[in-house]
Protein chains: 2
Amino acid sequence: MLTAIHTAVGELVGERADKITFPMIAERAGVNPTTLYRRWKDVNALMEEVAAAALTRDGDPVPDTGSLEQDLTQWADIIARDITRPMRVRYLRAMVAARIDIVVGCSVTEARLEQAVLMVDRARERGETTPTAAQILDHVIAPLYHHVVFALPVDPGYARRLVRDVLTMAR
Amino acid sequence: MLTAIHTAVGELVGERADKITFPMIAERAGVNPTTLYRRWKDVNALMEEVAAAALTRDGDPVPDTGSLEQDLTQWADIIARDITRPMRVRYLRAMVAARIDIVVGCSVTEARLEQAVLMVDRARERGETTPTAAQILDHVIAPLYHHVVFALPVDPGYARRLVRDVLTMAR
DNA sequence: GCCATAAAGCAACGATCTTTGCTTTGATGA
DNA sequence: TCATCAAAGCAAAGATCGTTGCTTTATGGC
């Protein structure tokens, strides 16, 4: 029941991010629109719930190659591939539009920060000189998201360039 | 007439970025809704026009202090103050939501790029070693917008820190 | 000054969303 | 098993949006 609703929202976000209504969701989920109107304040409230479930997803494994440069390159590449998927782009847009950033955006960023901290800590234990985790967020993650949200190109070499840039800060 | 419509849209964006309709705009502007339905394809088309007019605004003067670090610091500070204004934040959100990024987002980014090029060129003529204009966009502008869009804090020192970071790339 | 064309207003219609009262289903505990 | 209460379905009414045909106004050329 509830999962049917969540998947229905997910499908609709994947198809048309513009103008998703309760009746649409209800039809897909095979429930009565009234149920949705009664349970959630509005469509954004439901979307927030779905986005939180979809994006706060489990800990992706963090690369551990033995060199921070390799780790970051792989990591940035994975993220770049992930957030440029049309479906994911629409999720991001929908999130921003629905103002669910305060809740979800922060949790996503925090997850990325934790991953960065992990890689940086390992590198430091190996004796490498590293940028801070916050710098990695600012100079690798932020530009990637910026390009996605504003529909700027994210070619394969771009993530690599960002990693190269942030590493020069450590020297 | 046309300006009345534009200002009406601006007001509405400033108040409620969610669900702006032609009848709302028409009422504010003192015109008939039909006029809007006939002239613009949909609300997004009108929003795009207004956003373009509001954001492509004239060439803000670019700082010219005689040192790139000073220039960038002042510039980033101005931008940070500008894009954190509640009204501007709502504009950005509305833009992203309405998918008018492809048109407007690019033009805004291009304007920033031109400004960065100007400052970098001047610095190079003075003999300074500088990052590229593209790097300034990636590592100063992008993190600022990222923080705004995802509702992360943009305290005064943040812009300064970004500038410091990007300058270390040039050495 | 008059006519032609384009733009804006008006009004009515249809479609869709949203709300609300009431009924039905289903799960829980005595 | 039955009683009870919460949650879901149903149906009708109300509100808003979006569309379209027609009328009115204004602007420019002759």
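> Sorry, what's going on with the packing of helix 1 (residues 2-15) of chain B against helix 4 (residues 43-55) of chain B here?
Residues and elements named next belong to chain B. At a closest axis distance of 10 Å, the pairing of helix 1 and helix 4 adopts a crossing angle of 95°. It follows that helix 1 is roughly perpendicular to helix 4 by the angle criterion. On helix 4, the residues that touch Leu 2, Ile 5, His 6, Val 9 and Val 13 of helix 1 are Leu 46, Met 47, Glu 49 and Val 50.

> Help me understand the protein's contact with DNA strand C in this model?
For DNA strand C, the full set of nearby residues is Thr 21, Pro 23, Thr 34, Tyr 37 and Arg 38 of chain A together with Val 31, Asn 32, Thr 34, Thr 35, Arg 38 and Arg 39 of chain B. Per the 4 Å cut-off to the protein, sugar and phosphate atoms form 59% of the nearby atoms of DNA strand C. Asn 32 of chain B is positioned with one of its backbone polar atoms (N or O) 3.0 Å from a phosphate oxygen of DNA strand C. Sorting the residues of the surface near DNA strand C by element identifies helix 3 (33-39) of chain A together with helix 3 (33-39) of chain B as the ones contributing at least two each.

> Honestly, the protein's contact with DNA strand D in this entry has me stumped. Any pointers?
What surrounds DNA strand D is the set Val 31, Asn 32, Thr 34, Thr 35, Arg 38 and Arg 39 of chain A together with Thr 21, Pro 23, Thr 34, Tyr 37 and Arg 38 of chain B. Near-protein atoms of DNA strand D (within 4 Å) split between backbone and bases, with sugar and phosphate holding 56%. One of the side-chain N or O atoms of Thr 35 of chain A is found 2.5 Å from a phosphate oxygen in DNA strand D. Arg 38 of chain B is positioned with one of its side-chain polar atoms (N or O) 3.1 Å from a base oxygen of DNA strand D. Residue contributions to the surface near DNA strand D peak at 4 residues, all from helix 3 of chain A. A class-by-class count of the residues in the surface near DNA strand D yields 3 nonpolar, 5 polar and 3 charged.

> Please explain the nonpolar core as it appears in this structure.
Considering soluble globular proteins, one finds that nonpolar side chains tend to be buried as a cluster. Core analysis: the biggest nonpolar cluster contains 92 residues, and Ile 25, Leu 72 and Leu 144 of chain A together with Leu 72 and Leu 144 of chain B have the highest contact counts within it. Other than its neighbours up to four places away in sequence, Leu 144 of chain A contacts Ala 76, Ile 79, Ala 80, Ile 83, Val 154, Tyr 158, Ala 159 and Leu 162 of chain A. Counting 20 residues, the second largest nonpolar core, distinct from the first, contains Ile 20, Leu 36, Trp 40 and Ala 54 of chain B.

> Is there a simple way to explain helix 4 of chain B in this structure?
The first and last C-alpha atoms of helix 4 of chain B sit 18 Å apart over 13 residues, in line with the 18 Å expected at 1.5 Å per residue. Backbone nitrogen of Asn 44 of chain B and a side-chain oxygen of the N-cap are separated by 3.2 Å at the start of helix 4 of chain B; the cap is Asp 42 of chain B.

> Can you help me understand the packing of aromatic side chains in this one?
Given two aromatic rings, one states the distance between the centres and the angle between the planes to describe the pair. Residue and element names in this part refer to chain A. Applying the stated criterion to the full structure yields 2 aromatic pairs over all chains. Arranged with centres 5.0 Å apart and planes meeting at 80°, the rings of Phe 22 and Tyr 37 form a pair that is edge-to-face. Here Phe 22, found in helix 2 (residues 22-29), pairs with Tyr 37, found in helix 3; they are 15 residues apart in sequence, far enough to count as distant. The exposure class of Phe 22 is buried, given its relative accessible area of 3%. One cation-aromatic arrangement involves Arg 39 over Trp 40; the distance from NZ or CZ to the ring centre is 5.5 Å.

Rules used throughout
- Residues numbered from 1 in each chain as written.
- Chains lettered and ligands numbered in written order.
- Predicted model: local features only at pLDDT ≥ 70, side-chain atom pairs only at ≥ 80, totals over all residues.
- Heavy atoms only, no water.
- Axes fitted to C-alpha atoms, helices over the stretch in contact; angles between N-to-C directions.
- Helix = DSSP H or I, 4+ residues; strand = E, 2+ residues; numbered from the N terminus.
- Parallel < 35°, antiparallel > 145°, perpendicular 65-115°, else oblique.
- Contact = heavy atoms within 4.5 Å.
- Near = heavy atom within 4 Å.
- Polar contact = N/O pair within 3.5 Å; in protein donor to acceptor, adjacent residues only side chain to side chain.
- Nonpolar A, V, L, I, M, F, W, Y, C, P; charged D, E, K, R; others polar.
- Core = buried A, V, L, I, M, F, W, Y, C linked by side-chain atoms within 4.5 Å.
- Buried < 20%, exposed > 50% of the residue type's maximum accessible area, 1.4 Å probe, protein only.
- Expected span 1.5 Å × (residues − 1).
- Phe/Tyr/Trp six-rings, centres within 6.5 Å; stacked < 30°, edge-to-face > 60°.
- Lys NZ or Arg CZ within 6 Å of the ring centre and 35° of its normal.

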